[in-house]
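Structure at a glance
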Amino acid sequence: MLRILSVLMAAAFGGLLAYFFDPDGGRGRRAKARDRLEAFVRRSADRLERRGRHAASRVEGLGHQIENAIAPEYEPPPNDATLAQRVESQILRGRDVPKGTININAQEGVVVLRGEMDRPEQIRELEDAAAHVKGVRAARNLLHLRNAPAPNIPAP
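A brief structural summary. (Residues numbered from 1 in each chain as written. Predicted model: local features only at pLDDT ≥ 70, side-chain atom pairs only at ≥ 80, totals over all residues. Heavy atoms only, no water.)

Looking at the overall build of the protein
Where we set the bar: A run of DSSP states H or I qualifies as a helix once it reaches four residues; a run of E qualifies as a strand once it reaches two. Both are numbered from the N-terminal end. When checking whether two residues touch, look at their non-hydrogen atoms; a contact exists if any pair is within 4.5 Å. Under the convention used here, Asp and Glu are negative, Lys and Arg are positive, and both His and the chain ends fall outside the count. For the purpose of locating charges, the reference atoms are NZ of Lys, CZ of Arg, CG of Asp and CD of Glu.
Counting its regular elements, the protein contains four helices and three strands. Element order for the protein, N to C, with α for helix and β for strand: α-α-α-β-β-α-β. Dimensions of the protein, computed from the C-alpha atoms along their principal axes, are close to 120 × 35 × 25 Å. In the protein, the proportion of contacts linking residues at least 24 apart, taken out of those at least 6 apart, comes to 53%. Of the charged side chains in the protein, 25 are positive and 20 negative, and the gap between their average positions amounts to 14 Å.

Printed below as a string of structure tokens:
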């Protein structure tokens, strides 16, 4: 069996030699085989390079995800003027409260709401909304109903 296999291998090798070193067409066949082999190697190298870049970008992206999950970016608290504007835009958005009826001030992260409202529900809603704005440490509510004394003014 081994003898038959070695005879077949020798015959195949001899056929390849005759095919590539034929005086009439061997030179063109060798050039064509060399070109195909170079193209195969080039495509394989390009494919490997693309896969390597893809893997590297995936690893970099996972690194960013882990970094953001562990230590989210620190955002310094806004200054008082910015905080007051942010609260005003957030709590008055979509509500039927005229802008001029409420005065909003902020000092060291504490927001103070002043003004007159028509209904007690409005006062509670605005206070809750102000307390939930990012950067607000506390909300002090001095809103009151129309024709009622302000909470920060003592009764006569």
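Quick notes on the nonpolar core
Filter applied, for reference: The term nonpolar core refers to a set of buried residues drawn from Ala, Val, Leu, Ile, Met, Phe, Trp, Tyr and Cys, joined through side-chain atoms within 4.5 Å. Burial classes: relative accessible area under 20% of the type maximum marks a residue as buried, over 50% as exposed, and values in between as partly exposed (1.4 Å probe, protein chains only).
Membership of the largest hydrophobic core comes to 19 residues, with the highest contact counts inside it found for Val 87, Ile 91, Ile 102, Ile 104 and Val 111. At the level of elements, α3 (80-92), β1 (102-107), β2 (110-117) and α4 (120-131) are the ones that each hand at least two residues to this core. The element that contributes the greatest number of residues to this core is α3, accounting for five residues. Not counting residues within four places of it along the chain, the set of residues in contact with Ile 104 comprises Ala 84, Val 87, Glu 88, Ile 91, Val 111, Val 112 and Leu 113.

Some words on the pairing of β1
As a reminder of what qualifies: Strand pairing requires that DSSP identify at least two bridges connecting the strands.
A one-sided burial pattern is seen for β1, the buried positions being Ile 102, Ile 104 and Ala 106 and the unburied ones Asn 103, Asn 105 and Gln 107. Pairing of β1 with β2 involves six bridges; the strand directions are antiparallel. Looking at the pairing, Ile 104 lines up with Leu 113 of β2. Hairpin connection from β1 to β2: two residues lie between these consecutive antiparallel strands, with Glu 108 at a positive phi of about 55°.

Notes on the sheet that holds β1
Consider a sheet: its strands pair through backbone hydrogen bonds, and that pairing is either parallel or antiparallel. How we decide: Axes here mean lines fitted to C-alpha atoms, for a helix over just the part in contact, with angles spanning 0 to 180 degrees between N-to-C directions.
Reading across from one edge, β1-β2-β3 is the order of the three strands in this open sheet, with mixed pairing throughout. If you trace the sheet from one side to the other, it starts and ends with β1 and β3 (138-145), each paired once. Taken over all neighbouring pairs, the strand axes of this sheet differ in orientation by 10° on average, direction set aside. Contacting β1 and β2, α3 crosses the sheet at an angle of about 140° to β1.

A closer look at unusual backbone geometry
Only a minority of non-glycine residues have a phi that is not negative, and only a minority of peptide bonds are not trans. Even without glycine at this site, Glu 108 takes up a positive phi of about 55°. Structurally, Glu 108 can be placed in the loop between β1 and β2. Given the relative accessible area of 60%, Glu 108 is considered exposed.

Quick notes on helix α2 (residues 26-70)
Put simply, the rule is: To estimate how far a helix should extend, the number of its residues minus one is multiplied by 1.5 Å.
In this model α2 runs 66 Å from its N-terminal to its C-terminal C-alpha over 45 residues, within 8% of the 66 Å that 1.5 Å per residue would give. Of the residues making up α2, those classed as buried are Gly 26, Ala 39 and Ser 44.

Purely geometric stuff here, so don't read any function into it on its own.
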